[in-house]
Structure formats: structure tokens, C-alpha cells
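# Reading the structure
Residue-level listing of the chains:
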Amino acid sequence: MTKQELFFRTLLVFGVVFAAWKTVGWYWSGSQKMSRSVILNQVPSVVQRLLNREPKKPPTQQALNLSPTSLKLVTLTARTTPTTQSTRTTTRAAVAPTKKAAPAFNSSARIPRILHQAFASEMVYENYLPYINGCMSLNPDWTYYLWRDSDAEALISSAYPEFLAKYKKYSDVLERADSIRYIVLHHFGGIYLDMDVQCVRPFFPALENLNSFLDQERIEQTNILWGWPFGVMNSGMGSAPGHPFFREVIDEMLRESRIGNAFTSTGPTILTQVYKRYTAAKHAVPVTMLEPKVMSPLMDGNKNWRSMCGSLAAAKSKPDSRRSWKERGCIMLESKNWRYDDSDNSTICVHRFLHLGYGSFAAVRKKPFNITARFWPRVRTFKRRGK
Ligand SMILES: *[C@@H]1O[C@H](CO)[C@@H](O)[C@H](O)[C@H]1NC(C)=O
Ligand SMILES: *[C@@H]1O[C@H](CO)[C@@H](O)[C@H](O)[C@H]1NC(C)=O
Ligand SMILES: *[C@@H]1O[C@H](CO)[C@@H](O)[C@H](O)[C@H]1NC(C)=O
């Protein structure tokens, strides 16, 4: 073989290998997309709820920071000064735009008065307005933070750089929306709420003496939809800064290599897993899981639970130990006479399952409003503090 022949043969082999690789890659990504859309069409409410987000806009690179120390100052000020205007002024002076790592946990710390919500931008669907307004009015001395995608990326870049590559790799916008909520709770502490969560009572005093809490889905709903005994939801959570539970959630997201589906990579699956492991290990710093009626007393109203349950005669004739979780959930719901609302005087929030970001529910979205302008000057963002 001449040198020239060898060269062309090698070129040919490379060409063939490259073409084969591309073809396989194309099929692979196609089948991934397919399985994802199939999964999403079957996955009911919890995932749909999680899909409640606008498509991610490319984040602008802008660095700024709010140190946890200054934030502590904010909250302390907020406790004594009910008007947001004066708090705002005080804080501005206190903010030192330095890069800070997440705080160490202080075992006597409690949940600070900061409410966090997240949306792709500050233009938020009007459907959420009454809920946001209600949560702000019932908790007037709480500092309010909006986490836009660009703020999320700025916080992660400065304080959780080890998470940045993962965050950028997420292909499901919900993976970003999910991950940032654990991060802000770990970093600043406070309460995170999805925007379709209605507040019916002030957060405090009921949640005041906790260092953290997690919301639980209605048992019947978890039993029926997921076949699990219970499930932690991430539509409402609270924490003191630096809580080891949320650090474990962040570490678990870092370890989880299967990404692309928020339900498993960043949502209720991972949260429930970490909760089980954390409580089994009897960690010295406890985390509290609330009863469903405290923050999520409703069954998802978009489902026809009776028809999903069907006839329960066969299930009821079995001993309880032989029943599936779904059968148990259905029997429990029937024993409550198909009551979908478990709220009582201990209810603080009501998760409404609006699912606005998803499928046919997107059609009921109302036009967006500017949340910063509407609630001026109350809405803070991570970036705006640095101006
Ligand atoms: C921990 O928090 C308590 C109560 O907020 C405070 O008095 C104490 O100084 C803090 N300890 C440290 C080491 O920051
Ligand atoms: C809440 O309701 C229960 C049962 O109806 C009642 O015993 C309790 O006193 C109520 N608590 C408050 C704070 O209203
Ligand atoms: C929203 O309102 C604020 C305050 O008026 C303004 O600075 C901001 O540019 C507005 N944002 C958008 C996207 O219009």
C-alpha cells in the first residue's frame, strides 16, 4: 500500500465511523425526547405543576452579591420595621457586594422572615397575582425575593460554583426552577413558595419555632399517583440558613447523573429519597415534615379521582397488607367520602395546582404583569441589590 492509499483508507475509515456515530447520536436524542414526552403526558399533576415555568431566557452575565451576613441584618431590621421602604433603605447601606460561601448552620437559628419565589423573569402571569398579593399582605414584615433565571445563575456562580456546570446542563427548565429553591433556602434561609400557592394564614407563629420544614403531598394523592407511601413536595419549604438537609439535597442533585426529567433529578423523587435517608440516619439537626393539611390540603382538582380509582370492591375484599398503595389511597379517599379539601384551622397555605406552564393548561394563562412594578418597592432580586 502506498502512503497515499493508506492516507485515503484511513480517511475513509474515519468518515464511516463519524457518520455512524452521528446517526446513533441522532437516534438516541430522538428516542430520549420521545420517551420524555411520553413520560410527561402520563405524569400527572405533580410534574405538571412543576412545569409551571416559562422557557428559560439566556441569562445575562452580571455579577453581584448579597452576603448572608447582610441578609441577616435585613431580616433583623424587618422584624422591627414593618414598612418595606425603610427596611430597603437600611439594607442597601448594609449590603457589601462580596462573594460569600454559604453560611454555617447555627443550631439556635430559626427560619428568617424572607419569602422567596421564582419565575423566569419579572413578567409573571396574572393568574398568580391574587396568590402573591395574599402571601405578601398576610406577611407584611417579610422581605420578598424574586429569583429570575439570571439571578439564580448569578447566585450559583458566586456561592455554589461546584453546582454551576450541573445547573447549565439541565435541559428541563424545571430542573433549574427546582434546584434554585433548595439553594436559596440553604444560602439565605426563609420560605420558598410556588406562585400557585395561596396563603390563608400568616407563616408565623405556626412555623416560627422550626429550623426547617417540608411540605407533604396529600397521602391519597401520593398513593394513587406515584404508588409511594408518602411524598415530600417542593412547592413550599422553609429553612434557617446553612441547614444540612438542604446541603444534602444539593449534594444529591450533584451526584444524580440522570438528568432531563425534573421529577426524578431535582423534584419530589430526590427530595423524598434524601428525606428518608436523612431521617433514618437520625441527623443531629432535625427537619420537620408537615402534615399535608398545613400547606397542601387539596387533592389536585384537575383529576377525576373517582374514575381513576374505579371500583374498589376487589381492593376492599383484600387484607390491607395485600393492597397496593393505589388501592390504599383510593380506599382512604372513599372513607373521607371523596373529600378533596382537608384544610382546617391549622392550614397556612393551599397549593392550587394551576399547572400554567404545561400543555393545555397554558391556554388559561393570563397576560403577564410586572411584579416589581406592581409591588414596588417590595420585590427584591439578587442582582438589583448590587446596583
Ligand atoms: C446563633 O444564633 C443565635 C440566635 O439567633 C445567636 O444569638 C448566636 O450569636 C448565633 N451564634 C453564632 C455562632 O453565630
Ligand atoms: C382548631 O380546631 C380544633 C378542632 O375544631 C379546635 O379544637 C381548636 O381549638 C382550633 N384551634 C384554633 C387555634 O382555633
Ligand atoms: C418592571 O418594572 C420595574 C420597575 O418599574 C422596571 O425597572 C423594569 O424594567 C420592569 N421590567 C420589565 C421587564 O418591564
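Whatever comes next refers back to the structure up there.
If you're wondering where the values come from, they're calculated on a predicted model, not measured in any experiment.

## Points about the overall build of the chain
Within the chain one finds 17 helices and 11 strands. When burial is assessed residue by residue, the chain has 52% of its 387 residues classed as buried. Here the analysis covers contacts within the chain between residues at least 6 apart in sequence; of these, 83% occur between residues at least 24 apart.

## Here's the deal with the pairing of strand 1 (residues 114-118)
Of all 5 residues making up strand 1, 5 are buried, and the element is well covered by its neighbours. Burial along strand 1 is two-sided: the residues Ile114, His116 and Ala118 and Leu115 and Gln117 are all buried. Across 5 bridges, strand 1 lies against strand 3 (residues 143-147) in parallel orientation. Residue pairing in the sheet places His116 in a bridge with Tyr145 of strand 3. Examined bridge by bridge, strand 1 and strand 4 (residues 190-193) share 2 bridges and lie parallel to one another. Paired with His116 across the two strands is Tyr192, which belongs to strand 4.

## A closer look at the packing of helix 9 (residues 219-226) against helix 16 (residues 325-335)
Between helix 9 and helix 16, the least distance of the axes is 7 Å, while the angle of their chain directions is 145°. For the pair helix 9 and helix 16, the crossing hand works out as left-handed. Counted together, Ile219, Glu220, Asn223 and Ile224 of helix 9 and Trp325, Lys326, Arg328, Gly329, Cys330, Met332 and Leu333 of helix 16 form the full contact between these two elements. Considering only residue class, the contact of helix 9 with helix 16 consists of 6 nonpolar, 2 polar and 3 charged.

## Topic: helix 12 (residues 268-280)
The end-to-end C-alpha distance of helix 12 is 18 Å, a good match for the 18 Å that 13 residues give at a rise of 1.5 Å each. Among all positions of helix 12, only Pro268, Thr269, Ile270, Leu271, Thr272, Val274, Tyr275 and Tyr278 are buried. Looking one or two residues past helix 12, Lys282 carries a phi angle of roughly 50°, positive in sign.

## Topic: the packing of helix 6 (residues 149-159) against helix 7 (residues 161-169)
The contact between helix 6 and helix 7 brings their axes to 6 Å, and the two run at 140°. Classified by the angle between their axes, helix 6 and helix 7 sit oblique to one another. Crossing handedness for the pair helix 6 and helix 7: left-handed. Between helix 6 and helix 7, the residues in contact are Asp149, Ala152, Glu153, Ile156, Ser157, Ser158 and Ala159 and Pro161, Phe163, Leu164, Tyr167 and Lys168, respectively. For the contact of helix 6 with helix 7, the class distribution of residues is 7 nonpolar, 2 polar and 3 charged.

## Focus: the site of ligand 3
In the vicinity of ligand 3, the residues found are Glu122, Met123, Asn370 and Ala373. Between Glu122 and ligand 3, the recorded distance is 3.0 Å, taken from a side-chain N or O atom to a nitrogen atom. One of the side-chain nitrogen or oxygen atoms of Asn370 is found 2.3 Å away from an oxygen atom of ligand 3. Looking at the shell around ligand 3 residue by residue, the class counts come to 2 nonpolar, 1 polar and 1 charged.

The rules behind the values
- Residues numbered from 1 in each chain as written.
- Chains lettered and ligands numbered in written order.
- Predicted model: local features only at pLDDT ≥ 70, side-chain atom pairs only at ≥ 80, totals over all residues.
- Heavy atoms only, no water.
- Helix = DSSP H or I, 4+ residues; strand = E, 2+ residues; numbered from the N terminus.
- Buried < 20%, exposed > 50% of the residue type's maximum accessible area, 1.4 Å probe, protein only.
- Contact = heavy atoms within 4.5 Å.
- Pairing = 2+ DSSP bridges.
- Axes fitted to C-alpha atoms, helices over the stretch in contact; angles between N-to-C directions.
- Left-handed = near helix turned anticlockwise from the far one by under 90°.
- Nonpolar A, V, L, I, M, F, W, Y, C, P; charged D, E, K, R; others polar.
- Expected span 1.5 Å × (residues − 1).
- Parallel < 35°, antiparallel > 145°, perpendicular 65-115°, else oblique.
- Near = heavy atom within 4 Å.
- Polar contact = N/O pair within 3.5 Å; in protein donor to acceptor, adjacent residues only side chain to side chain.

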